[in-house]
Amino acid sequence: MRAAILVLLGGAYGAYKALTPPPPPPAPPTGEVTLADISQTVQAAGVLQPRLKVDVGAQVSGQVRQLHVQLGQQVKKGDLLVSLDPELARSDLAQAEASVTQQVALIEVRQADLKIARREAERQRRLLAGDATAATEAERAETDLAKLEADLRGQSASLKRLQAELEKRRLSLGYTTITAPIDGTVVNLPVQEGQTVIAVQITPVMVTLANLDVMTVRARVPEADISQIQVGQKARFVTLAGEAQRYDGKVRVIQPVPERAGNAVFYNVLFEVDNQARKLLPEMTVQVNIETGRASKVLTAPMVALGERDDEGRFAVQVLDAHNKQSPRKVRTGLQDGARVQVLEGLKAGEKVLLAPPTAADQAASAASAASTAAAK
């Protein structure tokens with residue numbers, strides 16, 4: 001009895017399946033060709049740096065006596081930053097002054113001797129003219145005069161050298177007080193009070209100042225995209241912190257020397273943004289968008305409608321008619337923003353295109369599967 005019931009149920013289900021047609025397959029996903037505005041951008045990782053940054057160094061050796069600034073402090077040009085111990089410089093200056101004074105006194109003595117020698121030479125010339133002296137005496141007087149004149153020229157040259165050394169010592173004493181060369185913010189203070197700095201072969205950095213009113217963005221653009229970048233193009237980024245403020249600038253320079261990270265090659269693209277509000281800090285990382293093209297009210301299609309690209313640079317698309325019948329078409333494209341692409345030729349406004357069309361490999365796999373199914377039957 002139970003077996004008979006099962007047979008009847010099975011027959012009823014088979015009859016239902018035979019009489020009930022299967023539901024139609026879902027319509028393929030499509031997109032429409034429309035007029036729209038399109039903006040093409042290149043994305044790159046960027047780092048913020050001050051536009052103007054100066055390392056202020058010590059030009060003389062000495063011990064740091066006092067630091068007059070702190071990290072983050074705003075300073076004006078000419079403000080005192082660091083004081084070095086001036087005692088050694090003062091001692092060198094006093095020694096140089098004494099050497100100059102001594103040389104001046106020596107020249108005065110030579111000048112007095114020269115006056116006497118000139119008078120003696122003139123007297124010998126008069127006596128020789130009247131045959132009142134020997135020629136050898138007159139020659140000796142002339143020789144002594146020439147020696148004194150030469151010695152005085154040498155002593156005058158030595159005085160100039162000592163005066164130059166004196167001026168150098170005065171400058172060295174002035175270098176013991178280090179002042180700000182620009183308006184800026186103290187961003188680095190690598191020394192401490194009591195530390196001894198040696199300015200012999202290199203200039204030790206005492207303070208680093210940066211003008212944070214304008215920040216330079218250094219964007220690392222991959223080599224595949226650098227050909228699209230030009231000086232003057234608009235560049236922007238949005239901060240990750242706070243209210244996600246947007247900053248705009250224009251490309252100022254494309255550095256021709258690349259940077260390498262493994263096998264990848266990047267080029268630095270620089271542009272400036274205003275930072276009067278001081279919300280941007282050095283070494284912040286940002287995601288930069290550089291606008292490489294813009295068009296208004298142009299023919300566009302979804303990016304995912306593009307198929308394979310041929311040797312002439314045209315893309316294959318599948319166009320659907322009113323009955324969803326597909327027909328292949330070749331299109332030439334222009335700008336693209338990641339979602340839509342500008343259509344230069346091959347499509348008309350209002351036409352529908354198949355989204356994510358099958359590739360040649362997909363079509364070959366489908367044909368092979370159909371052939372295998374037919375052979376099995």
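Small disclaimer: the values here were computed from a predicted structure and weren't measured.

Caption draft 1: Focus on the overall build of the protein chain. When helices and strands are counted, the protein chain shows four helices and 18 strands. Once local pairs closer than 6 in sequence are excluded, the contacts in the protein chain between residues at least 24 apart make up 73%. Split by element, the accessible area of the protein chain, about 23500 Å² in all, is 54% carbon and sulfur.

Caption draft 2: Representation of the side chain of Thr 185. Tracing the chain through its elements places Thr 185 in strand S7 (residues 184-188). Owing to a relative accessible area of 5%, Thr 185 belongs among the buried residues under this scheme. Only 2.7 Å separates the side chain of Thr 185 from the side chain of Gln 74, close enough to count as a polar contact. Non-local contacts of Thr 185, meaning those with residues more than four positions away in its chain, are made with Gly 72, Gln 73, Gln 74, Thr 208, Leu 209, Ala 210, Leu 212 and Arg 278.

Caption draft 3: Highlighting the sheet that holds strand S3 (residues 62-67). Across the sheet, four strands lie side by side as S6-S5-S3-S8; this open sheet has antiparallel pairing. Where the open sheet ends on each side, the last strands, each with one partner, are strand S6 (177-179) and strand S8 (196-197). Bridge analysis of S3 against strand S5 (residues 80-84) gives three bridges, and the strand direction is antiparallel. The residue bridging Gln 66 from the neighbouring strand is Ser 83, located in S5.

Caption draft 4: Expanded view of the packing of helix H2 (residues 87-129) against helix H3 (residues 135-174). Between H2 and H3, the least distance of the axes is 8 Å, while the angle of their chain directions is 165°. In terms of orientation, H2 lies roughly antiparallel with respect to H3. Viewed along their axes, H2 and H3 form a crossing whose handedness is left-handed.

Caption draft 5: Structural view of the pattern of salt bridges. Applying the stated criterion to the full structure yields 22 salt bridges. One salt bridge connects Arg 140 with Glu 137, and the closest N-O pair in it is separated by 2.8 Å. Taken together, the positions of Arg 140 and Glu 137, both in helix H3 and three residues apart, correspond to about one turn of that helix. Residue classification places Arg 140 among the partly exposed residues on the basis of a relative accessible area of 43%.

Caption draft 6: Expanded view of unusual backbone geometry. Phi angles above zero are rare outside glycine, and Arg 278 is one such case at about 60°. As for its position among the elements, Arg 278 is in the loop between strand S13 (264-274) and strand S14 (285-302). Its identity as a non-glycine residue notwithstanding, Asn 324 has a phi of 65°, on the positive side. Along the chain, Asn 324 turns up in the loop between strand S15 (315-320) and strand S16 (326-336).

Caption draft 7: Representation of the pairing of S15. Counted residue by residue, S15 has five buried out of six residues, so it is predominantly covered. Bridge analysis of S15 against S16 gives six bridges, and the strand direction is antiparallel. Opposite Gln 318, over in S16, you have Pro 328 as the bridge partner. Counting the residues between successive antiparallel strands, the hairpin from S15 to S16 contains five residues, one of them, Asn 324, with a positive phi of roughly 65°.

Caption draft 8: View of the pairing of strand S9 (residues 205-222). As judged from the 12 bridges shared by strand S2 (residues 34-57) and S9, these two strands associate in the antiparallel manner. Each residue of the ladder has a partner; that of Leu 48, found in S9, is Val 217. Bridging between S7 and S9 involves three bridges; their strand directions are antiparallel. Residue pairing in the sheet places Asn 188 in a bridge with Thr 208 of S9. For S9 and S13, the ladder comprises nine bridges, and the chain directions are antiparallel. Directly across from Met 215, in S13, lies its bridge partner Val 273.

Caption draft 9: Representation of the confidence of the model for the protein chain within the structure. For the protein chain, the mean per-residue pLDDT works out to 86, and 86% of the residues sit at or above 70. Under a pLDDT of 50 for its full length, residues 364-371 has, in the predicted model, zero contacts with residues more than four places off or in other chains.

Caption draft 10: Main features of the nonpolar core. If you look at the biggest cluster of nonpolar residues, it comprises 22 residues, and the most contacted ones within it are Val 217, Val 221, Phe 237, Val 273, Val 288 and Ile 290. Contributions of two or more residues to this core are made by S2, S9, strand S10 (234-238), strand S11 (246-254), S13 and S14. With six residues, S9 is the single largest residue contributor to this core. Setting aside residues up to four positions removed in sequence, Val 273 forms contacts with Asp 213, Val 214, Met 215, Val 217, Phe 237, Tyr 247, Asp 248, Gly 249 and Leu 280. Among the nonpolar cores identified, the runner-up in size contains 20 residues, and Leu 84, Ile 178, Ile 182 and Met 206 belong to it.

Criteria and cut-off values
- Residues numbered from 1 in each chain as written.
- Predicted model: local features only at pLDDT ≥ 70, side-chain atom pairs only at ≥ 80, totals over all residues.
- Heavy atoms only, no water.
- Helix = DSSP H or I, 4+ residues; strand = E, 2+ residues; numbered from the N terminus.
- Contact = heavy atoms within 4.5 Å.
- Areas by Shrake-Rupley, 256 points an atom, 1.4 Å probe, with all protein chains shown as cover.
- Buried < 20%, exposed > 50% of the residue type's maximum accessible area, 1.4 Å probe, protein only.
- Polar contact = N/O pair within 3.5 Å; in protein donor to acceptor, adjacent residues only side chain to side chain.
- Pairing = 2+ DSSP bridges.
- Axes fitted to C-alpha atoms, helices over the stretch in contact; angles between N-to-C directions.
- Parallel < 35°, antiparallel > 145°, perpendicular 65-115°, else oblique.
- Left-handed = near helix turned anticlockwise from the far one by under 90°.
- Salt bridge = Lys/Arg side-chain N within 4 Å of Asp/Glu carboxyl O.
- pLDDT = per-residue confidence, 0-100.
- Core = buried A, V, L, I, M, F, W, Y, C linked by side-chain atoms within 4.5 Å.

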